[in-house]
Structures are given as C-alpha cells and as structure tokens.
Amino acid sequence: MLVRPLHLGLAGCLVSACSTTPTTTPPSETTATETPAPSPAVAQAPAPPPGPTEFVQLRLGIAELGSIFAGIEKTSRHWSPDNSLDLTGQMQASLLSLGFGPGFYESFDLSGRVAVDVRYPHSTSGSPNPADIGLAATVPTIDARRLVQGMPPAYQPQPLSEGMWQLIESDFQLLMREQPRALELAAQEADFLLASQLTAQPSAGRRIRVEASNLPKDELDVASLLGLSLNEPSAKMLASVLGELTAMELELELGDDRDVELTLGATAPFSRLGLDTLGAPRTQPSPLAAGLPSGAVAALELSWGDPTLLLTTVDQRVPLAQIPAPFHDIAAAAVQSLKAVLGSIHDEVIFALYVSDKGEGSIVLAAKSPDETATRDAVRALLGSAQSALQAHIALVGQDPEQRYKVTYKTDALRVGKHRADQFTATVPKAMQAQIEDLAVFFGKKPKLEIVSLAAANTAVVAIGAGAKRVVGDIGRSLGATRRTNLEADGGLALARRTTAGCQVCVAVDPVAALTTRLHYLEARASDKERAAALRALRKVRTLGQIGLATLLQPDHGRLGLAAPQSLLFADANATKVVRDAFQMAAESTSAPTAVADGG
C-alpha cells in the first residue's frame, strides 16, 4: 500500500516562537505608562472544504493456475532433470505445514480464474478508515464450503447465514459468500456486487495480470529504485518522468502449451523524453530483416523517425572547438559525414551480431536508404575522414615498432554478387594487442580492424569485424531477392513485436549462439580438446529459438516486454544437456583464477 506519512511539527515550532514573552525594561516612577489599545479583531478565512477522497485501484487476475504450474514443472524437467520442480506437491506440503486442512487445496479449481479488486485511499496522516478500503474477489472452487472449512483454526471464519462467513482480524473484516463454482470475498456487503461481476467477467489479457491505477504522484523514489544518477541530465529527466506515473500494469503468460511472455507497462508523460527519433511501432515483418542472414547472435531493430533531435545532439556532444590541428578539420568533416549518414536513413535500422563457425565476429548495421548514391557518398566521406585521422596519427607515431600500424581504404574493392563494396582496414599496433584480447573474435588472429560497406538496392550495409567480408558478401549476393533463411524468419523479432503489440526497439537474442560466441572467445585465449568438443556439439544444436525483448514508448504510455519460445523452454533433453555442459564449462573458465605472467 502506498502510504506517505505527513511530518508535523512546523506549526508547533511557530506557536512556540509566537508565544514567547518579550523582555522589557520596567518603567521608573517618573515615567508615565500607557496602556496599548486593543488590536482590532482579524477575520479568519474559513478553511476550504476537503476535496473528494482519491483511491488507488488495484486489480489482480490469475487464470488456469494448473496449466501455469504444469508449464513451470515441464520447463524444470527439460532444463534441470536432476532437480525438477513438483509445484503441486510443494504447495500442498506448505499449506499443511501452515495449518491448512487437506480439503483447502483440493477444493481449488485450478482451471478457473482468480480475480481481485482492491480500492485503497491515497496517503493520509494516519491509518486509513477500514470503511474506506474496498475489496472484492472471486476464487474458483470445486467445493467452496470445504475450502472455507480447510482454513487454519486461528483464521477460521464464523458462519453467518445463507452461505455467508465472516472473518475479523483486528479492525478489519473479511466477508465470504459461497457460490456453486466460486467463493466470493468482500470487505463490505456492498462489495459483493462487484465480486459477482468479477465472477461473470471473461478473462482478459494474459493468464497473470496485475494493474494499479490512479497512483499518487511523487510517491516512489524512482532514481533510487532504478539506480539512476541524477548527475546525468538524461537520467534526471527519466526519473522526473517516471515520478509522475499514474498507472502500472504487469502481465505474464505461461503454461505447458505456450510461449512465455512478460510485459511491464506504465502511464506517464513519456513525451518529455523527446521521442521524435523513434518512428511508429512496428507490427509487421521487416523487409530489411528479411534481407539479412539468419543465425545472428543478437539483433536490434530500431524504428526510425525524425533525426533532427539526434543531429542536434551530435553537434552539442562533439567538442570540435577543443580538438587541435591537424585533427580539427578532419573531425569537423567526420561530424558532417555522420550527420549525412543519419539523415539518409529511412524507416528502420538494424544492428546485428554474427559469429561464424570459425569464430569470426562482425557487427552489421543495415538501413533502408531511398537515395543509395547519397548514402554511399556519406559513408565514404566518413570512412575517408577516419583514414585521414589515422594517417595523421601514424605520422605522429613515427617508426616506433611497438606503435606502428597501417591503414588502407579502397572503394569498390570487393565484388559481392552484382554489386561492389568498399573496404577499410587498420592493423592493430603491438602495444595495443593485449588490450583487445577480450575482443579477439572481432579482430582475428592477426589483429586488425576491418570495415566493409555496401550501398545498393535502396539498402545500406556496414559491417565491422573479422567476419565483415563474409557477411557483406552473403548480403550482397541476395540483395533484391527473397532469402530462404533470414533474420526475420528466425522468430525473435516477431516474438518481440507480439509481446508489446508493436515495438520501436525490437531485440532478438539467440542464447545458444551467445554461448557459442563465449566459447570461441575462450578458445582464442587457451584452446583445449574439451572446449573444441563442446563447440562441435553446440554447432549440431545450432539454435533452440530466439528470446524477444521489446520497448514501446508513446507520448503517455510505455511498455517493456520479454518473451521466450516453447522451442527453448521445452527443448529436447539431449540438446539441453549439451547447452548445460557448455554453460558450465564457460562458467568455470570465467571463475578460474588468472595465472600471473611470471608464474607466481
């Protein structure tokens, strides 16, 4: 319950100060004293009448609890066969240990729907009046009377009449009323009307749903709750917006025959965050994603709107005035090129991470671009600026063998299908190679930064990493055609869109591919036969499905979503064993102490 104590005492301090007798010099015998005239009475303004009482409204719904339990138990059997859960047995044992009779659990109808509606007054200086608290609920039962009689003796309600029961705890009462297939609960007799309506209402939304509406503002310390630093302007703005939220909802869908979906929503003035850069929520499959290869470790699809605010931010955040020659002009040209690239994007942008079977990683940025020539020129100008900056740095480094490196940039260097791609390469100096060891999958065995760009068929693609040539070659060969396997068909983006009924930031993550990438990184550091065998086994599993994550931000409402497919939850026992063993190997390698270079 949201209760905000009112701190009193200021008024008391004021009264104390005003009642202090001032110190005066007593009059002498020759001094005449005058009695002050009484002050005219000051009319006191009448106190304003109290406003109507505001109430927080809480609603809870749980449907088909039996299927929910079965889904959790089924997932447990597949992923933890040696320690699988028995929720039904554990629930019965827990209730018995608390003093509930056997008939209590047996009288629940696990295929029905629990519905609860609570009304609670906004914060007051003291405890709320029990008469102001409203409660209406319905519990599905096989035998309502047997359920009541199965309650612990210390909380055994007293029978009234006509199937009514009463439980009094302190100054709060709970009334119960038997129905043929339900037990209705109410705080006051008038609440039974709502309880009967809850029984008749069909189930709405996902199987588990919690709502809180008409929340008082500024009750929650959002900054502390989310760990936000108020020194950051963006974090301060987010905390301010969330501090004015007036409603929240949580929905959870799970069972033994469906995907898991979790959404968290809030009603707040999100328009203050500046949402122009985000486009309309995506509810349909993405043609851009359908043109990218399948098998990504992770992919983020961003709905693109008006970039004006983003371009302004670039101007504000890049300190060009502080950059000395010869880098100032190069940086200024790079900023203009970056802004041209951002301005040429249309509708959506996709960031995707790919790692090949050989452990070559690449980050791919793809976007729809109606004017591919302008986009190509902007990307070339940006990479050309990077080449100029590095060449200027090379001149400053001189011939030091530990610091020396090379940079090349060639346009139309690679043939990819019917198109030509540009290639940028910068070797890594020996002095920096130890620092990028954690990113070995992106720099390769002979460390270098490689960027491959392509603009064709109204699509712009930039790939960064050791696998850049391979990925862009794959994309270029299929541009303008329908791919048999593609990023959209992998399912994670569709799952994200469904979870929040459309999303502007849609994310797909493949847990098996992520684990494979982790093992590739460990192999790059210290190869061994067991790790190689684990990688071969994971390649056979390939994927168990992608997890979907989603963000939807509208002017006055936002939603976050998370979903996992049945193919992952209820995966084949052999596949889950391979994944569990590989995960254990990665965890042990991570926690193992690192040897000191001198062997100490």
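Residues numbered from 1 in each chain as written. Predicted model: local features only at pLDDT ≥ 70, side-chain atom pairs only at ≥ 80, totals over all residues. Heavy atoms only, no water.

Let us now look at the overall build of the protein chain. Check the secondary structure of the protein chain and you find 20 helices and 20 strands. Across the 600 residues of the protein chain, 39% fall into the buried class. Counting only carbon and sulfur atoms, one obtains 58% of the accessible surface of the protein chain, whose full area is about 33,300 Å². (Helix = DSSP H or I, 4+ residues; strand = E, 2+ residues; numbered from the N terminus. Buried < 20%, exposed > 50% of the residue type's maximum accessible area, 1.4 Å probe, protein only. Areas by Shrake-Rupley, 256 points an atom, 1.4 Å probe, with all protein chains shown as cover.)

Overall, the coordinates contain 26 salt bridges when judged by the stated rule. One salt bridge connects glutamate 184 with arginine 177, and the closest N-O pair in it is separated by 2.7 Å. Given a relative accessible area of 2%, glutamate 184 falls into the buried group. Using a relative accessible area of 23% as the deciding quantity, one classes arginine 177 as partly exposed. As a salt-bridge pair, arginine 282 and glutamate 348 come within 3.7 Å of each other at their nearest N and O atoms. Taken together, the positions of arginine 282 in the loop between strand E10 (260–267) and helix H9 (287–290) and glutamate 348 in strand E12 (residues 346–355) put the pair 66 residues apart, joining distant regions of the chain. Take arginine 282: its relative accessible area is 12%, and that puts it in the buried class. (Salt bridge = Lys/Arg side-chain N within 4 Å of Asp/Glu carboxyl O.)

Non-glycine residue glutamate 64 carries a positive phi angle of around 55°. The topology assignment puts glutamate 64 in the loop between strand E1 (55–63) and helix H2 (65–79). Judged by relative accessible area, glutamate 64 falls into the partly exposed class, the value being 34%. Positive phi values are uncommon outside glycine, yet asparagine 458 reaches one of about 60°.

What follows concerns the state of the cysteines. Summed over the entire model, instances satisfying the criterion amount to 1 disulfide. The disulfide partner of cysteine 503 is cysteine 506, and the S-S distance across this bridge is 2.0 Å. When the S-S torsion is 115°, as for the bridge of cysteine 503 with cysteine 506, the disulfide is right-handed. The same class applies to cysteine 503 and to cysteine 506, which are both buried. (Disulfide = S-S within 2.5 Å.)

Turning our attention to the environment of tyrosine 521. Residue placement: tyrosine 521 occurs in helix H17 (residues 511–525). The sequence separation of tyrosine 521 and leucine 439 amounts to 82 residues, and the corresponding C-alpha distance is 7.7 Å.

With that settled, consider the packing of aromatic side chains. A full pass over the atoms with the stated rule returns 3 aromatic pairs. Measuring from centroid to centroid gives 4.5 Å for phenylalanine 100 and phenylalanine 104, while their planes differ by 50°, and the two rings are tilted. Judged by its relative accessible area of 12%, phenylalanine 104 is buried. Put simply, the rings of Phe100, Phe104 and Phe108 pair up and form one aromatic cluster. Positioned above the aromatic ring of phenylalanine 570, the side-chain terminus of lysine 74 is 4.3 Å from the ring centre. The ring of phenylalanine 55 carries the charged tip of arginine 119 above its face, separated from the ring centre by 5.0 Å. (Phe/Tyr/Trp six-rings, centres within 6.5 Å; stacked < 30°, edge-to-face > 60°. Lys NZ or Arg CZ within 6 Å of the ring centre and 35° of its normal.)

Before going further, it helps to examine the confidence of the model for the protein chain. In the predicted model, the protein chain carries a mean pLDDT of 84, and the fraction of residues at 70 or more is 86%. Scored below 50 in pLDDT, residues 1–43 makes 17 contacts in the model with residues more than four places away or belonging to other chains. Note that residues 593–600 has pLDDT below 50 and, in this model, 0 contacts with residues that lie over four places away or in other chains. (pLDDT = per-residue confidence, 0-100. Contact = heavy atoms within 4.5 Å.)

The N-to-C vectors of H2 and helix H3 (residues 87–97) enclose an angle of 120°; their axes lie 9 Å apart at closest approach. Relative to H3, the element H2 lies oblique. Within the contact between the two elements, H2 uses Phe69, Ile72 and Glu73 and H3 uses Leu87, Thr88 and Met91. Partitioned by chemical class, the residues of the contact of H2 with H3 number 4 nonpolar, 1 polar and 1 charged. (Axes fitted to C-alpha atoms, helices over the stretch in contact; angles between N-to-C directions. Parallel < 35°, antiparallel > 145°, perpendicular 65-115°, else oblique. Nonpolar A, V, L, I, M, F, W, Y, C, P; charged D, E, K, R; others polar.)

To continue, consider the pairing of E10. Sheet topology places strand E9 (residues 247–253) next to E10; 7 bridges connect them, and they run antiparallel. Within the sheet, the bridge partner assigned to leucine 252 lies in E10 and is leucine 262. In sequence, E9 turns back onto E10 through a hairpin of 6 residues. Sheet topology places E10 next to strand E20 (residues 557–564); 8 bridges connect them, and they run antiparallel. Note on E20: the bridge partner recorded for leucine 262 is leucine 562. (Pairing = 2+ DSSP bridges.)

With 13 residues, helix H18 (residues 529–541) ought to run about 18 Å at 1.5 Å a step, and its terminal C-alpha atoms sit 19 Å apart, in line with that. If you check which residues of H18 are buried, you get Arg531, Ala532, Ala534, Leu535, Leu538 and Val541. (Expected span 1.5 Å × (residues − 1).)

On to helix H12 (residues 372–397), then. Over its 26 residues, H12 runs 37 Å from end to end, which matches the ideal 38 Å to within 8%, given 1.5 Å per residue. Note on H12: the residue one or two positions beyond its end, glycine 398, has a positive phi of about 80°.

It is worth spelling out the side chain of glutamate 261 at this point. With respect to the helices and strands, glutamate 261 occurs in strand E10. For glutamate 261, a relative accessible area of 9% gives the class buried. Polar contacts involving the side chain of glutamate 261 include one to the side chain of arginine 206, which spans 2.8 Å. Residues within four places of glutamate 261 in sequence aside, it is in contact with Arg206, Glu251, Leu252, Glu253, Arg498, Thr499, Leu562 and Ala563. (Polar contact = N/O pair within 3.5 Å; in protein donor to acceptor, adjacent residues only side chain to side chain.)

Turning next to the nonpolar core. Of all hydrophobic cores here, the largest spans 30 residues; its most connected members are Tyr354, Val472 and Leu487. Residue contributions to this core peak at 4 residues, all from helix H15 (residues 468–478). Once you skip the residues sitting within four places of it in the chain, valine 472 turns out to touch Val416, Ala421, Val452, Leu454, Val461 and Ala463. One finds Phe104, Ala137, Leu174 and Met176 within the second-largest nonpolar core, a separate group that totals 21 residues. (Core = buried A, V, L, I, M, F, W, Y, C linked by side-chain atoms within 4.5 Å.)

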